[in-house]
Amino acid sequence: MRLALCPGSFDPPTLGHLDIVVRAAALFDEVVVAVATNHAKSPLLPAQRRADLLHEVLAATDVGERVRVVLLDGGLLARQAADLGAVAVVKGVRTASDVEHETPMALMNRRLTGVETVLLNADPAWAHVSSSLVKEVASLGGDVGALVPPPVARALAEALCSQAGPASR
């Protein structure tokens, strides 16, 4: 069985993320979606909430039975991929700068554990979508319903409302 690890912060999960996971599931027998915490950023949604949202929306897809969601516990991604028995790490890339960013990490991961990295080009429909941009648009009152699944849109609205405090409710 060929297992792939698809890591990310997923803060929040977008339709672009889901597209990459579904496409990875077409290439591998099982995909483990690993929710990580980027310590360089302050997440809007807690890691467990992001994992729960991913589980919910992926369960509703045709590949849901071959995808599982886990929380990463920190440490080297390559080591965690190897520990899971992954033959590959799958990353989505939108731009040339994404490829430049991912390539050194892919080479280091292969050097450390032999785990290969597969870079999937974003579908053009989602190439402009990033979690950061979705959060910015949502925080400014914009409609992100076409960029994220409905449960994620609701979670974003709730998080932004609670972040704004009682005066904005």
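Before reading on, note that the structure itself is shown above.
Residues numbered from 1 in each chain as written. Predicted model: local features only at pLDDT ≥ 70, side-chain atom pairs only at ≥ 80, totals over all residues. Heavy atoms only, no water.

Its location among the elements puts Gln80 in helix 3 (residues 77-84). Dropping the residues within four chain positions of it, Gln80 is found in contact with Leu72, Asp73, Gly74 and Gly75. (Helix = DSSP H or I, 4+ residues; strand = E, 2+ residues; numbered from the N terminus. Contact = heavy atoms within 4.5 Å.)

We now examine the packing of helix 3 against helix 4 (residues 96-113). Close contact between helix 3 and helix 4 brings their axes to 9 Å; oriented N to C, the two are set at 55°. Relative to helix 4, the element helix 3 is oriented oblique. Once helix 3 is placed against helix 4, the crossing between them reads as right-handed. Between helix 3 and helix 4, the residues in contact are Leu77, Ala78, Arg79 and Ala82 and Asn109, Leu112 and Thr113, respectively. (Axes fitted to C-alpha atoms, helices over the stretch in contact; angles between N-to-C directions. Parallel < 35°, antiparallel > 145°, perpendicular 65-115°, else oblique. Left-handed = near helix turned anticlockwise from the far one by under 90°.)

For Glu102, the position within the fold is in helix 4. Residue Glu102 is classed as buried on the basis of its relative accessible area of 12%. (Buried < 20%, exposed > 50% of the residue type's maximum accessible area, 1.4 Å probe, protein only.)

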